Amino acid sequence: MSTLDSIDAILFSLSRAFTSPFAVFVQIQGCTICLLLALGWLMAEYVRNREVKRIKKSIKAGNSLAFLYQDINELEHSRQEKLPRVSVVMPLKGFGEHNLHNWRSQITSLYGGPLEFLFVVESTEDPAYHAVSRLLSMYQDHVEAKVVVAGLSTTCSQKIHNQLIGVEKMHKDTKYVLFLDDDVRLHPGTIGALTTEMEKNPEIFIQTGYPLDLPSGTLGSYCIYEYHMPCSMGFATGGRTFFLWGGCMMMHADDFRQDRYGVVSGLRDGGYSDDMTLASLAGAHKRLITSPPVAVFPHPLASDLSFGRYWNYLRKQTFVLESYISKVNWIMNKALFAVHCYLSWGFVAPYVMAVIHITSALRIYIKGYHQLEDTTFASSGMMLVITLAICTFIELLSMWNLTRREVQLCNMLSPEAPRLSLATYNWGLVFVAMLVDNFLYPISAFRSHFSQSINWSGIRYHLKDGKIFKIERRKDMGPAKTDLGGKHLYDNRAPSNLLVISKNITQEPELIKVLQALRSKNHNVLVAQPPDCNVETVVLLQTVIMAKPCAAFLVFLCLSMLILSTPEVDAKLCMSIKTLTNISCEMDDCDCDYDHKCGEWDDESYGNCKQHHIRTVCKCILNCPETSSTSKA
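On a predicted model such as this, the values are computed, not experimentally measured, just so you know.

A. Quick peek at helix α4 (residues 99–107). Taken across its nine residues, α4 has seven buried, putting it largely inside the fold. Those residues of α4 that fall on the buried side of the exposure criterion are Asn99, Leu100, Asn102, Trp103, Ser105, Gln106 and Ile107.

Encoded structure:
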């Protein structure tokens, strides 16, 4: 018997074994899991679609601001001045490519009541400290915001420590406190919507929401998206939920001032996960958690999110189940641990069996076997494969439908923001990510269980009896970037920001090389275009710019062309091919024979108008004696 015949014999034996009653049960169970996920996403889509229809109906009835309030009368001054004070606490760590956009979406909220923002960092050495300080300096006359230095945590995770310090620093008249992750991209009406629900129902303990992941194209980013999607159905209830996401939590400020239900002590004394701790407290004291239908937030993932960083993130998520604050909480976590592991491998197993069935059927066809005993099990196996394929298609269709609806809802809730699109989603990678994520989850969970330690943003936490008892900090022991946002953890200065305006940048290969060089040096490159340009092209190009390497001499060339600002002010750059905006800045004292310069911009920051390949966003209007000219440098 040849080696190939031996392999065929093994394949046929496995395929025959996989048609046994137990194996059929496993495969039917996998199909059932697919259909249950599809049903859950269908119900979640119903809730999101109901909100979409409500907004459309309000707009049709004449309320063009339906994305802010259901009743346009709520915008009357007499009602707005009665709105309660809200303090937004954002624990920061590191600085990445999406942070500035996210922070701007948070501080430019259209909430009509008193509102303050507290950006809390570990120390002034954190790259986020310099970046957010520059941003707030630009809005200092329009936004009540400040940066708080929390210091190092000693009894809990650094995030929880930052949150508690932020609560201590909030305004004495604050009624509600909103905790946000720095990678949350808010809608203009989010704070108002959350506050309205808290006012309607004082029994609400916590209001929460959930992110809509925007994969960047890497397998790791799709694994993150797939990991979050089953959880998203628990937040798309339109009301009561048992789930809580730490990225968005609105609570009563007095709960912290008076340490009701042990919220402060429970978090401070060995707390690792803010959301799991607060969710367990809510369950223990039978307090209400709700998730309004508008609380879904775009969450762009890092363009360089590698598979290794996805694995680190998964490790952190499974490690959460090792922390607890009570015996009941420990039992619930272990039950969730067991159920999740069982369902994950129960989901993957049928696909492994399907591969065996398909391979066996192909070998039978190629070898020309016609004996009855060789084809019966193959026919049964292929029937199971077809059933699994149908269930998988239904599952992916339901996932696509929910994602489509959430994209539509996000676009309606943020009409001023760039339009989100499903065009960039690769559903083949989504399917692969489903298999990879569910296969790795039990492995990660068991590793977390036996290790009892985790590295989170360069800090290693050790657990004992469900609480943090030891914290280690060394720069050489952790990654240089955070997992999802790709934020730099240890750089002393935030990278520069470069805006590129082009109608068809794909026809400028030299410019693409320049931008690749800047991106390789951790500069933030944002590609923009006039309204008549193709959005998909720009998104694709931006991904290419962020992904490809470049020669060192191009880096030097680009950096030598950058406009450098004073140490505390960002450089304002725009590398433009054809298009300039109409923003203008003026100079009273100038030399018409000298190279045109803009000493001061409209937002009171500083920079020089350079020629060569860089064009500034503003036009320099020179007010010279008896003549004037406009530079398009």
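B. Examining the packing of aromatic side chains more closely. This model, assessed by the stated rule, comprises 21 aromatic pairs. Ring centres of tyrosine 210 and phenylalanine 235 lie 4.4 Å apart, and the angle between their planes is 15°; this geometry places the pair in the stacked category. Linking tyrosine 210 in strand β6 (residues 210–214) with phenylalanine 235 in the loop between α8 (219–232) and β7 (248–252), this pair joins segments that are 25 residues apart in sequence. Accessibility assignment for this pair places tyrosine 210 and phenylalanine 235 in one class, buried. Centre to centre, the rings of tryptophan 345 and phenylalanine 439 are 6.4 Å apart; their planes meet at 35°, and the pair counts as tilted. Placement of tryptophan 345 in helix α13 (residues 327–367) and of phenylalanine 439 in helix α15 (residues 427–451) is noted, with a sequence separation of 94 residues between them.

C. Fine view of the packing of helix α12 (residues 307–319) against α15. Contact geometry of α12 with α15 gives a least axis separation of 8 Å together with a crossing angle of 55°. As judged from the angle between their axes, α12 and α15 are oblique. As α12 runs across α15, the sense of the crossing is right-handed. Mapping the contact onto sequence places Phe307, Tyr310, Trp311, Leu314, Arg315, Thr318 and Phe319 in α12 and Val436, Asp437, Leu440, Tyr441, Ile443, Ser444, Ala445, Arg447, Ser448 and Ser451 in α15.

D. View of the sheet that holds strand β2 (residues 115–121). Spatially, the seven strands line up as an open sheet ordered β3-β2-β1-β4-β7-β5-β8, and their pairing is mixed. Only two strands of the sheet have a single neighbouring strand rather than two, namely β3 (144–149) and β8 (288–290). Here the average twist between neighbouring strands, direction ignored, is 20°. Pairing geometry for strand β4 (residues 176–180) and β7, over five bridges, is antiparallel. For phenylalanine 179, the partnering residue across the bridge sits in β7 and is methionine 249. Sheet strands in contact with helix α11 (residues 274–284) are β5 (204–208), β7 and β8, and its direction is about 45° off that of β7.

E. Region of interest: the environment of valine 26. Note that valine 26 resides in helix α2 (residues 21–60). Relative accessible area serves as the criterion here: at 11%, valine 26 is assigned to the buried category. Linking valine 26 and phenylalanine 347, residues 321 residues apart in sequence, is a C-alpha distance of 8.9 Å. Contact partners of valine 26, with chain neighbours within four places excluded, come to Gly346, Ala349, Pro350 and Met353.

F. Quick peek at the pattern of salt bridges. A complete count under the given rule lists 17 salt bridges for this structure. Between glutamate 406 and arginine 48 there is a salt bridge whose closest N-O contact spans 3.3 Å. Here arginine 48 lies in helix α2 and glutamate 406 lies in helix α14 (residues 372–413), a separation of 358 residues in the sequence. Linking glutamate 74 and arginine 79 is a salt bridge whose minimum nitrogen-to-oxygen distance equals 3.0 Å.

G. How the structure looks around the pairing of strand β10 (residues 453–456). As judged from the four bridges shared by β10 and strand β11 (residues 459–464), these two strands associate in the antiparallel manner. Across the sheet, residue serine 453 finds its bridge partner in β11, namely histidine 462. Connecting β10 to the antiparallel partner β11 that follows it, the hairpin turn spans two residues, and serine 457 within it adopts a positive phi of roughly 55°.

H. Highlighting the state of the cysteines. Enumeration according to the criterion identifies zero disulfides in this entry. The structure places no disulfide on cysteine 31, whose sulfur is separated from the nearest cysteine sulfur, that of cysteine 391, by 4.0 Å. Given a relative accessible area of 8%, cysteine 31 falls into the buried group.

I. Summary view of the packing of α13 against α15. Viewed as axis vectors pointing N to C, α13 and α15 meet at an angle of 140°, and their least axial separation amounts to 9 Å. The two elements α13 and α15 meet at a crossing, and its hand is left-handed. Residues Lys334, Phe337, His340, Cys341, Ser344, Trp345, Phe347, Val348 and Tyr351 of α13 form the contact with α15, whose own contacting residues are Phe431, Met434, Leu435, Asn438, Phe439, Tyr441, Pro442, Ile443, Ala445, Phe446 and His449. Residues of the contact of α13 with α15, tallied by class, amount to 15 nonpolar, four polar and one charged.

J. Main features of the environment of lysine 82. Residue position: lysine 82 is located in the loop between α3 (77–80) and β1 (86–91). The sequence separation of lysine 82 and glycine 113 amounts to 31 residues, and the corresponding C-alpha distance is 7.2 Å.

K. Broad picture of the UniProt feature "transmembrane region" (unreviewed entry) in the protein chain. In this numbering, the UniProt entry assigns the feature "transmembrane region" (unreviewed entry) to residues 22–44, 342–366, 378–402 and 422–441. The span residues 22–44 is 100% helical and 0% strand by assignment, and the distance between its end C-alpha atoms comes to 33 Å. Helix makes up 75% of residues 422–441 and strand makes up 0%, while its end C-alpha atoms are separated by 27 Å.

L. Expanded view of the pairing of β11. As paired strands, β11 and strand β12 (residues 467–473) are joined by six bridges and run antiparallel to one another. Note that in β12 the partner of leucine 463 across the bridge is isoleucine 468. Counting the residues between successive antiparallel strands, the hairpin from β11 to β12 contains two residues, one of them, aspartate 465, with a positive phi of roughly 55°.

Cut-offs used in this document
- Residues numbered from 1 in each chain as written.
- Predicted model: local features only at pLDDT ≥ 70, side-chain atom pairs only at ≥ 80, totals over all residues.
- Heavy atoms only, no water.
- Buried < 20%, exposed > 50% of the residue type's maximum accessible area, 1.4 Å probe, protein only.
- Helix = DSSP H or I, 4+ residues; strand = E, 2+ residues; numbered from the N terminus.
- Phe/Tyr/Trp six-rings, centres within 6.5 Å; stacked < 30°, edge-to-face > 60°.
- Axes fitted to C-alpha atoms, helices over the stretch in contact; angles between N-to-C directions.
- Parallel < 35°, antiparallel > 145°, perpendicular 65-115°, else oblique.
- Left-handed = near helix turned anticlockwise from the far one by under 90°.
- Contact = heavy atoms within 4.5 Å.
- Pairing = 2+ DSSP bridges.
- Salt bridge = Lys/Arg side-chain N within 4 Å of Asp/Glu carboxyl O.
- Disulfide = S-S within 2.5 Å.
- Nonpolar A, V, L, I, M, F, W, Y, C, P; charged D, E, K, R; others polar.
- UniProt positions renumbered as here; feature names shortened; annotations may be inferred.

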